[in-house]
Amino acid sequence: MTSRECAALALSVTCATALFTAAPASTAPATAAPVVAPLGGDQGQTRARDPYFPLSGNQGYDVQHYDLGLDFTPASHELAAEATITARAERRLARFTLDYSGPPIQRITVDGREAAYRREGQKLTVVPAEALRPGRDFTVQVRYGGRPEPINDPALGLYGWINTDDGAVTLNEPDGARTWYPVNDDLRDKATYTFRITTPTGVTALANGEPQGRPRAGNGRTTATWTMAKPMASYLAMVAIGNFDVTRTQVDGIPNITAYDPAIPGDDSFLHSATAAAEQWGVTKFGRYPFDSMGGVIDPSDAGYALETQSRPVYDSPPDESAVVHESAHQWFGDSVTPTSWQDIWLNEGFATYAEWLWQEEHGGPSAQETFDGLYATPAGDPFWQLKTGDPGRDEMFNYDVVYLRGAMTLQELRSTIGDDAFFRLLREWNERYRYGNVGTCDLIRLAEEISHRDLQPLFQAWLYTAAKPAR
Ligand code: ARG
Ligand code: ZN
């Protein structure tokens, strides 16, 4: 499923201006002629690539569903996999590319017929026996196996498929999905997922969404099936395999499924209750919960961060309340409403961090304004103010000061400018209007202007697109 772009909408002058400074790359004409690139090139790229990850994605087709059969043995960290991708050709495709950096491929078929393929860097080019006609649904099946490895990026850290002592866990953000399955790694190409995870019996496997029946055992191996029935961006796809104590309850009719590695000492029930509380609170602030289950997984790894994997965040160590509130808020901000471009990562992290401030304000802590004031005291010459929150650059996309804290400050500044009424209406309307879709900062500016009847261009210009401390 591909959502329409921010740039494609009828924009107010203000929003178009903001768009221009914020995301010039997304203004590519939608009518560009298809380009035939040599084998290994990117086919059918007519819309903008992601400026931060220009190699990722392919817009010549639209993925509907990923069915991932993963047979994994923790003792050897060996994976034998079969990915079945259902997609629709957006134009004639004599060949197409996927993003894939995983273990060796054994075989690829397209609609059941053997297909030629070639790997080059992170791109996998597939040549079907017959060219795919525009508008046609097709199925790609990829068999592969070996020992998957994570990406260890000097700026972004450890991500993708991460092997653990007792299994593995996936933390894909931003472009790590390709370490363990062939994927159209484009933020705009959300899809539904089925995970069929086979392990030695006694090992537990979790993923996004809901389990389909009980795990099925035979011959010393067990298969657990999970489905994510709501559209999901590939950076949010998660499997966790290992030793887990699993707790399942219902919260207002929605399953809450959490998993805790019993090797961790201490309180194993906090994640479960904190997740339920954060979700219930989120509903009152952001509107209806977008997914069919919730939960979380605590799985120790070398990642050094938590990730808001859809419906079931992963924590690399037992989280505190703020961390659970943060990852839960991402279910609305990031997972359901997803940026079109990684440049707008502040739309994820600013809102999730602001949710922490709001939670504190309502649970006996400092007000969001007090938190803002404390940070605003940072001297103008401090590196805190050096980059642009609305365009931090690929290597600084997870910069805590620039993206998380200044992102949340931008929202507090917006709140104090338009008032609580308009601001809290905005939080709900943002989720209502763009549920399961993709957004750009211009969408936020336009909605905020629509709700408040104010020109907010100067505010966002100062707070997002200026590498300096904004005057107040
Ligand atoms: N989105 C995560 C969070 O704020 C952080 C992900 C960091 N990813 C990375 N590759 N360093 O909860
Ligand atoms: Zn976050």
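The structure we're discussing is the one just above.
Rules used in this analysis
- Within each chain, residues carry numbers counting from 1 in the order of the written sequence.
- Key to labels: chains lettered from A, ligands numbered from 1, both in the order written.
- Local features in a predicted model are, by the rule used here, given only for residues with pLDDT of at least 70; side-chain atom pairs are given and counted only at 80 or more, and totals for whole chains, interfaces and linings are based on all residues.
- Note that water and hydrogens are dropped before the side-chain values are worked out from all heavy atoms of the structure.
- Relative accessibility decides the category of a residue: with a 1.4 Å probe and only protein chains considered, values under 20% of the type maximum give buried, values over 50% give exposed, and everything between is partly exposed.
- Segments assigned H or I by DSSP are reported as helices when at least four residues long, segments assigned E as strands when at least two residues long, and all are numbered from the N terminus.
- Only strands joined by at least two bridges in the DSSP assignment are considered to pair.
- Here, proximity means that at least one heavy atom of the residue falls within 4 Å of the molecule or strand.
- In protein, a polar contact requires one atom able to donate a hydrogen and another able to accept it; more generally it is a pair of N or O atoms within 3.5 Å, and residues adjacent in sequence count only if both atoms are side-chain atoms.
- Shrake-Rupley sampling with a 1.4 Å probe provides the accessible areas, and residues are treated as covered by the protein chains on show and by no other component.
- Computed over the protein atoms alone on a 1 Å grid, cavities are sets of points where a 1.4 Å probe fits but cannot get out and pockets are open sets with protein on both sides within 12 Å along at least five of seven lines; a residue lines them when it has an atom within 4 Å of a point.
- To be counted as sitting in a cavity or pocket, a molecule needs more than half of its atoms within 2 Å of that site's grid points.
- Residue polarity is assigned by list, with Asp, Glu, Lys and Arg as charged and Ala, Val, Leu, Ile, Met, Phe, Trp, Tyr, Cys and Pro as nonpolar; anything else, Gly included, falls into the polar class.
- For helices, the fitted axis covers only the stretch in contact; all axes are lines through C-alpha atoms, and the angles between them, taken along N-to-C directions, range from 0 to 180 degrees.
- Oblique is the label for any angle not under 35 degrees, not over 145, and not in the 65 to 115 range, which are roughly parallel, roughly antiparallel and roughly perpendicular in turn.
- Working rule for handedness: look at the near helix, and if it is turned counterclockwise from the far one by less than a right angle, call the crossing left-handed; if clockwise, right-handed.
- Note on contacts: a residue pair qualifies if any of its non-hydrogen atoms lie within 4.5 Å across the two residues.
- Each reported salt bridge corresponds to a side-chain nitrogen of Lys or Arg within 4 Å of a carboxyl oxygen of Asp or Glu.
- In this scheme Phe, Tyr and Trp rings, the latter by its six-membered ring, pair at centre separations within 6.5 Å, and the angle between planes marks the pair as stacked below 30 degrees, edge-to-face above 60, and tilted otherwise.
- We count a charge as sitting over a ring when the NZ of a lysine or the CZ of an arginine lies within 6 Å of the ring centre and within 35 degrees of the ring normal.

S.K.: Before we go on, may I ask you to explain the pairing of strand E3 (residues 96-99) in this structure?
M.R.: Side-chain positions along a regular strand alternate between the two faces of the sheet. The side-chain alternation of E3 yields two buried faces, one formed by Phe96 and Leu98 and the other by Thr97 and Asp99. In terms of strand pairing, E3 meets strand E7 (residues 123-127) through four bridges, oriented antiparallel. Bridge pairing in E7 places aspartate 99 opposite lysine 123.

S.K.: Hey, could you run me through the site of ligand 1 in this one?
M.R.: The immediate surroundings of ligand 1 are formed by 13 residues, with Leu156, Glu173, Glu308, Glu327 and Tyr404 found nearest. Side-chain polar atom of glutamate 173 to a nitrogen atom of ligand 1: 2.7 Å apart, as the coordinates give it. A distance of 2.8 Å separates a nitrogen atom of ligand 1 from a polar atom in the side chain of glutamate 308. When ligand 1 sits alone it has 350 Å² of accessible area, and the protein chains cover 92% of it. A molecule is said to occupy a pocket when more than half its atoms come within 2 Å of that pocket's grid points, and by this definition ligand 1 occupies the largest pocket. No other element matches the three residues that helix H3 (residues 321-332) contributes to the shell around ligand 1. Partitioning the shell around ligand 1 into residue classes produces seven nonpolar, two polar and four charged.

S.K.: Explanation requested: the packing of helix H6 (residues 400-418) against helix H9 (residues 457-464) in the structure shown.
M.R.: In the contact formed by H6 and H9, the axes pass within 10 Å of each other and the chain directions differ by 160°. The angle between H6 and H9 falls in the class roughly antiparallel. Of the two elements, H6 crosses H9, and the hand of that crossing is right-handed. Across the interface between the two elements, Arg406, Met409, Thr410, Glu413, Leu414 and Thr417 of H6 pack against Leu459, Phe460, Trp463 and Leu464 of H9. For the contact of H6 with H9, the residue count by class is six nonpolar, two polar and two charged.

S.K.: Honestly, the sheet that holds strand E13 (residues 204-207) in this entry has me stumped. Any pointers?
M.R.: Strand pairing in a sheet takes place through backbone hydrogen bonds and is either antiparallel or parallel in direction. One open sheet holds the five strands; their spatial order is E9-E10-E11-E17-E13, and the pairing between them is antiparallel. Two strands bound the open sheet, and with one partner strand each, they are strand E9 (151-153) and E13. Between one strand axis and the next, the sheet turns through 20° on average, direction left out of account. One ladder, built from three bridges, connects E9 with strand E10 (residues 157-164); its direction is antiparallel.

S.K.: Is there a simple way to explain the pattern of salt bridges in this structure?
M.R.: Between side chains of opposite charge, a pair can form as their charged atoms come close. Applying the stated rule across the entire model yields 22 salt bridges. With a shortest N-O distance of 3.0 Å, glutamate 114 and arginine 107 are connected by a salt bridge. The partly exposed category is assigned to arginine 107, whose relative accessible area is 33%. For glutamate 429, the salt bridge is made with arginine 433, and the minimal N-O distance between the two is 3.1 Å. Of this pair, glutamate 429 and arginine 433 both sit in helix H7 (residues 420-434), separated by four residues, roughly a single helical turn. With relative accessibility at 36%, the residue arginine 433 sits in the partly exposed group. Here the residues in one salt-bridge network are Asp153, Arg394 and Asp395, joined through shared partners.

S.K.: Sorry if this is basic, but what is going on with the packing of aromatic side chains here?
M.R.: For any pair of aromatic rings, geometry is given as the distance between the ring centres together with the angle between the planes. In total, this model carries 34 aromatic pairs according to the counting rule given. Between tyrosine 61 and phenylalanine 96 the ring centres are 5.5 Å apart and the planes differ by 65°, which places this aromatic pair in the edge-to-face class. Of this pair, tyrosine 61 sits in strand E1 (residues 61-73) while phenylalanine 96 sits in strand E3, placing them 35 residues apart in sequence. Here tyrosine 61 matches phenylalanine 96 in class, with each residue buried. Aromatic pair tryptophan 281 and tryptophan 359: ring centres 5.3 Å apart, planes at 85°, arrangement edge-to-face. Residue tryptophan 281 is found in helix H2 (residues 270-286), and its partner tryptophan 359 is found in helix H4 (residues 346-362); the two are separated by 78 residues along the sequence. Judged by relative accessible area, tryptophan 281 falls into the buried class, the value being 9%. Sitting above the plane of the tyrosine 376 ring, lysine 469 keeps its charged end 4.4 Å from the centroid. Taking NZ or CZ as reference, arginine 472 lies 5.7 Å from the ring centre of tyrosine 376, over its face.

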